[in-house]
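# Tertiary structure, described
One-letter residues, chain by chain:
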Amino acid sequence: MTSPIRSPDHTSSSSEGEDYGHDLLRLFMGVLDDDQEETSQESEGPPPRRPEESLESDQAASLSNPRLPLQDLLQAIGFRPVSSGRPLGPVPPTRGLLQPISASPTCFHRRDVVPSHFLLKIETFPSLSKSPIINYRSEFEAGGYKWEISIFPKGDKKNGGEDHISIFLRVLDTNSLSVGWEVNVVFAFFLYDQIRDQYVTCQVATESPRVGIGSLLSSRPSGAESRRSAVRALLPSQPAAASSEDQKAMRFHSMKTKWCIPKFIDLNTFNDRSNGYLVNGTCTFGAEVFVVKNTFKGECLSMIEEPITCTDNWKIDSFSTKTLERYESELFAGGDYKWRILLYPNGFGEGKGSNISLFLQLDISTLPPNTKLFVYYILRMRHQTNGKHFEQTANNLFSSAAGWGFRQFMSLAKFKHPENGFLLNDTCIIEAQFQVLGLVKQD
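Residues numbered from 1 in each chain as written. Predicted model: local features only at pLDDT ≥ 70, side-chain atom pairs only at ≥ 80, totals over all residues. Heavy atoms only, no water.

Before going further, it helps to examine the overall build of the chain. Along the chain, the regular secondary structure elements total eight helices and 23 strands. Taking all 443 residues of the chain together, the buried fraction comes to 43%. Only carbon and sulfur atoms are counted for the fraction: they give 49% of the accessible area of the chain, which is about 24,400 Å². (Helix = DSSP H or I, 4+ residues; strand = E, 2+ residues; numbered from the N terminus. Buried < 20%, exposed > 50% of the residue type's maximum accessible area, 1.4 Å probe, protein only. Areas by Shrake-Rupley, 256 points an atom, 1.4 Å probe, with all protein chains shown as cover.)

Bridge count between strand 14 (residues 299-303) and strand 23 (residues 428-442): five bridges; the pairing is antiparallel. Paired with Glu299 across the two strands is Gln442, which belongs to strand 23. Where strand 15 (residues 309-316) lies against strand 23, eight bridges are found, and the strand directions are antiparallel. Within strand 23, the residue paired with Trp314 across the bridge is Ile430. Relative to strand 23, strand 20 (residues 371-381) runs antiparallel, the two being bridged by eleven bridges. Following the sheet pairing, Lys372 is matched in strand 23 by Val440. (Pairing = 2+ DSSP bridges.)

Let's shift gears to the confidence of the model for the chain. Per-residue confidence for the chain gives a mean pLDDT of 75, with 65% of residues at or over 70. Across residues 7-18 the pLDDT falls below 50, and counting only partners more than four positions away or on other chains, this stretch makes ten contacts in the model. Considering only residues more than four positions removed or in separate chains, one finds that residues 203-246, a stretch of pLDDT under 50, has 91 contacts. (pLDDT = per-residue confidence, 0-100. Contact = heavy atoms within 4.5 Å.)

It is worth spelling out the packing of aromatic side chains at this point. Evaluation of the coordinates by the stated rule reveals 21 aromatic pairs. Taking 4.9 Å as the distance between ring centres and 25° as the angle between the ring planes, the aromatic pair formed by Phe118 and Phe140 counts as stacked. With Phe118 in strand 5 (residues 118-122) and Phe140 in strand 6 (residues 136-142), this pair connects stretches of sequence that are 22 residues apart. Taking 4.7 Å as the distance between ring centres and 50° as the angle between the ring planes, the aromatic pair formed by Trp339 and Phe434 counts as tilted. Of the two residues, Trp339 sits in strand 18 (residues 337-344) while Phe434 sits in strand 23, which places them 95 residues apart along the sequence. Taken as a pair, Trp339 and Phe434 share a single burial class, namely buried. (Phe/Tyr/Trp six-rings, centres within 6.5 Å; stacked < 30°, edge-to-face > 60°.)

Attention now goes to the pattern of salt bridges. According to the stated counting rule, one finds 14 salt bridges in the structure shown. With a shortest N-O distance of 3.7 Å, Arg137 and Glu148 are connected by a salt bridge. Of the two residues, Arg137 is situated in strand 6 and Glu148 in strand 7 (residues 145-152); the sequence distance between them amounts to eleven residues. Judged by its relative accessible area of 48%, Arg137 falls in the partly exposed class. (Salt bridge = Lys/Arg side-chain N within 4 Å of Asp/Glu carboxyl O.)

Considering the arrangement of structural elements, one finds Leu177 in the loop between strand 8 (164-171) and strand 9 (182-193). By relative accessible area, Leu177 is classed as partly exposed at 24%. Separated by 77 residues in the primary sequence, Leu177 and Ser254 place their C-alpha atoms 9.6 Å from one another.

Another aspect to go through is the nonpolar core. In terms of nonpolar packing, the biggest core is built from 35 residues, with Trp147, Phe252, Phe270 and Phe285 touching the most fellow members. Formed by 34 residues, the second largest nonpolar core is a distinct cluster that contains Phe332, Leu343, Leu373 and Val375. (Core = buried A, V, L, I, M, F, W, Y, C linked by side-chain atoms within 4.5 Å.)

Moving on, we come to the environment of Phe409. Mapped onto the fold, Phe409 is located in strand 22 (residues 404-411). Taking the relative accessible area as the measure of exposure, Phe409 reaches 1% and is therefore buried. Sequence spacing of Phe409 and Ser357 is 52 residues, and the spatial spacing of their C-alpha atoms is 5.3 Å. Excluding its chain neighbours within four sequence positions, the residues that come into contact with Phe409 are Ile356, Ser357, Leu358, Leu379, Arg380, Met381, Phe390, Glu391 and Gln392.

Turning our attention to the side chain of Thr201. Take Thr201: it is sitting in strand 10 (residues 198-202). Polar side-chain contacts of Thr201 include one of 3.3 Å to the backbone oxygen of Phe189. (Polar contact = N/O pair within 3.5 Å; in protein donor to acceptor, adjacent residues only side chain to side chain.)

This paragraph deals with the side chain of Glu288. Counting through the fold element by element, Glu288 comes out in strand 13 (residues 283-292). Side chain to side chain, Glu288 and Ser116 meet in a polar contact 2.9 Å long. If we skip the residues at most four places from it in the chain, Glu288 touches Arg111, Val114, Pro115, Ser116, His117, Val186, Phe187, Ala188 and Phe190.

Written as structure tokens, this is what we have:
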């Protein structure tokens, strides 16, 4: 083991709402019929459906089926009639045949934790929407930078945010930053759901166009699963958790000082009190801005195509008289650099008292700045009678005066045994052989 030498819309008419509900009902009852049919096929084995039967015929049969009253059916899937002439709207049921689905921002994730860097509570938000201002701006600090959040209560129409709330994030005080500055940021905007006491976060806006009833019926899907998909398409869009791709770092620089989500949330969804975003005219927005700071160190390894092998021998006489802790050989040239061998006759570190320790040391005065040497080396104790030398090999990066080698190079007992031929007439010969395989430049 090598070691260094270091110490250890909801404004449509009532008839539109009824049409909407009837279309939904026809589709859903078709699902019920198929579910019943699939179950009976497994238990009793009735003949399969004729392929020429269409979706419309299924729906017509389903509407005459009295198994489930209309009111119970709609409640089961989370819908109820309202007296204001609006279409059917979502309610949070406790149990049902389909999971309730409520409207939400287009790309969305819910959490209980309060946003880390900024919260903005707006009272009487409708008054802000009716005012002549285009956007409301506020400043905060995060990650060592100043930021500005801009909220467009009627949407940023220049960037396609009609009928939505738009949010911008801009970095401030850029004149104080160095030339060629760049800030990489992972950020997210939040909207507080006051009913469920949760924060809805959206980073990258996506669009999922709603499928109309006419297009669903003209597609003539077949099978229970196809009609289930059609029913879900008629419901408000389901919240989708943000993918890992959404959480990417956005780059701010002199030519791009702001990023935005033009369609953060559509106004119909935002204004619907049952969603919890705007309650009694009050809403709360939030932001998190995490600066990705580059603290890494860069290196470039340049290998030498034909490295030179360097060898040096160090003969030590009167070894028994060596009482100092450490001895150094004379400097010798190895390529473009100078080196020396270090000997600890009574061991160093964990080898102290039981081993001799050997190291190869680079004279760092011959090393260019911000450079390391990638070295393969052999430290060898020469056998002075039969040539059966003892050696250990390693490779390390040399960049300081500490040196690299072996704290437990050879046991003292083995070294001093007269028959082993390493210590002969109180003399030993140590050899260092190495190749500089490459240079490492540090950025």
